[in-house]
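Breakdown of the fold
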Amino acid sequence: MATDGEREIKLLKSNSGIKRRLVVNYLTVILVVMFLLEIFFVFFLYNFYYSNVEQTLSNRISVTANFFSKYFPADISYFEGPKKYIEEYQGKDEFLLQLINMQGKVILSTNGFGDNRTINTPDILGALDGKNTKAIYHDPKTNEKLIAVSSPIKVDKTIFGIMRLSTSLTDVDAMIQNRIWISLIVEGLIAGLFVLVSIFFSKTIINPLNEINVIAKKMSKGQLNARIEKKYNDEIGELSDTLNYMASEMFKVQQLKSDFISSISHELRTPLTSIRGWSETILTGDLENKEETKQGLQVIIKEANRLTQMVEELLDFSRLEGGRMVLHLTPLNIIEELNEILSVFHYKALKEKVEIEFTHPKEVSDIIGDKNRLKQVFINILDNALKFSPPQTAILVEIQEIRNRIIVNIIDKGLGIASEDLPKIKEKFYKGKSQKQGSGIGLGIVDEIVKLHGGEFNIYSEFEKGTKVQIQLPINQ
Ligand SMILES: Nc1ncnc2c1ncn2[C@@H]1O[C@H](COP(=O)(O)OP(=O)(O)O)[C@@H](O)[C@H]1O
Ligand SMILES: [Mg+2]
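Owing to the predicted nature of the structure, the values given are computational and were not obtained by experimental measurement. (Residues numbered from 1 in each chain as written. Chains lettered and ligands numbered in written order. Predicted model: local features only at pLDDT ≥ 70, side-chain atom pairs only at ≥ 80, totals over all residues. Heavy atoms only, no water.)

**Observations concerning the site of ligand 1**
The test is simple: The criterion for a residue being near a molecule or strand is simple. One of its heavy atoms has to lie within 4 Å of it. Side-chain atoms alone can form a polar contact between residues adjacent in sequence; in general such a contact is a pair of N or O atoms within 3.5 Å, and within protein one must be able to donate a hydrogen while the other accepts it. Residue-level accessible areas treat just the shown protein chains as cover; the underlying method is Shrake-Rupley with a 1.4 Å probe. Detection works on a 1 Å grid of protein atoms alone, calling trapped sets that fit a 1.4 Å probe cavities and calling open sets with protein on both sides within 12 Å along at least five of seven lines pockets, with lining residues defined by an atom within 4 Å of a point. A molecule is counted as occupying a cavity or pocket when more than half of its atoms fall within 2 Å of that pocket's grid points. The numbering of helices and of strands both runs from the N terminus, where a helix is a DSSP run of H or I of at least 4 residues and a strand a run of E of at least 2.
In the vicinity of ligand 1 lie 18 residues, with Asn384, Lys387, Lys431, Gly440 and Leu443 positioned nearest. The backbone of Gly440 places a nitrogen or oxygen atom 2.7 Å from an oxygen atom of ligand 1. A distance of 3.3 Å separates an oxygen atom of ligand 1 from a polar atom in the backbone of Gly442. Coverage of ligand 1 by the protein amounts to 95% of the 530 Å² it exposes when considered alone. Because more than half of its atoms lie within 2 Å of the grid, ligand 1 is assigned to the largest pocket. Looking at the shell around ligand 1, the elements with two or more residues in it are α8 (371-387) and α9 (442-452).

**Considerations on the pairing of strand β2 (residues 106-109)**
Going by this rule: Should DSSP find at least two bridges between two strands, the strands are regarded as paired.
For strand β1 (residues 96-100) and β2, the ladder comprises three bridges, and the chain directions are antiparallel. Within the sheet, the bridge partner assigned to Ile100 lies in β2 and is Val106. From the end of β1 to the start of β2, which pair antiparallel, there are five residues, and Gly104 there has a positive phi angle of about 90°.

**Regarding helix α5 (residues 235-284)**
The condition that has to hold: Here the expected length of a helix is defined as 1.5 Å per residue gap, with one fewer gap than residues. Throughout this description, buried means an accessible area under 20% of the type-specific maximum (1.4 Å probe, protein chains only), exposed means over 50%, and partly exposed covers the range between. In this description, contact between two residues means that some pair of their heavy atoms is separated by no more than 4.5 Å.
Between its first and last C-alpha, α5 extends 72 Å over 50 residues, near the 74 Å set by a 1.5 Å rise per residue. Within the sequence span of α5, burial applies to Ile236, Gly237, Ser240, Leu243, Asn244, Ala247, Ser263, Ile264, Glu267, Pro271, Ile275 and Ile282. Looking at the buried residues of α5, the elements they touch are α4 (170-220) and α6 (290-321).

Spelled out as structure tokens, the structure:
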């Protein structure tokens, strides 16, 4: 078992866990997205700048190659025209222009006369094939990165030589790298911002949770009147509501428990007092006085019965609470059932000088129900009606069949129930203003049994005028 202290530490840990989870999750997503974007960006940069350079080279070299084609097919090595052109080529500082023969030898070049070097970079091969071709390569001597575009010198589809223009990529690469650095810095800033935002965001979850935690701990220590202030209209607000509700339900349970104990002990005391009183009277009294002994024993039996009945009620109650009440369902004719119950009840009513009237249609449809449980329902209601009816009044029991329901009304002209008690009267152990015997559990049991039958139980009453109890049960279809 964890002690309170340990538990507290665990809670704190799990709170900072939320922060870490949020930050790590956000950061991972951001970094992955940025990584992909960066790859794309780098690719784009190189492509953009390199193809710009290539385009420039290609345009220039095409013009030059076209110009040169005028001097062919004469022997190019003795031509003054090309030599002059190359010597005076505009852009000499930036570009290297070369005239190359079909064997790949450099004949004329802006960096001096043909050095008889043989060039075999891929662009030469492409140009020999008749197309403008580019190549990016490292100069083996200087290890510099270069780009070259070669263009064939053509006269009537015959290739006489190659013009080649090349330049260094060092400056372009430096510029591209510069851009990449800038983009990395911007991405770093964005990631940092996201970390800050997610920390702030996690605080908006953790702080209210901590507040809730503090109150929930108070509740768990028994301060059931502590309430969490609902500040947010989201899942956290809902959690506050749920905890508040839980506390109020726990409070109710506590209340119920103490009501139960006080009500039950009170109800048990009365019959027990009377049983003890009569037992003592009989024991100390004149056992020969048969009349008195008999009367005493009768009271003892009556009170013992009452105790048994109360214990039965309590057992039913606990079965209902635990959801352990099982119904034994059979088709029942409600007129027959009530006739049976009333035949027993008539005597009781007669003693109290209360009349019972029973009205019903000739025939009603069967319902599906548990015979004994429904009997218990009607006995409880009739018991109440009789208990709260003054002498010389009548109790009306009527049955109606309306659509697919059987309705039983039990109407008395007794004490009635005060309107402030009415809403709570179905609750267990609630007796309202009643000073009469009873545990206050009867209507609670009635309610549960009727619900188990898929029916409805309503009670209407006017104080000092009378009460109407209505049971609706679905008919067997
Ligand atoms: N027919 C009735 N007339 C007046 N009050 C009634 C009637 N039925 C029930 N009540 C009120 O409802 C309370 C709860 O009834 P019930 O659950 O049967 O408990 P109990 O009969 O043990 O008091 C009674 O204590 C009484 O105040
Ligand atoms: Mg009762």
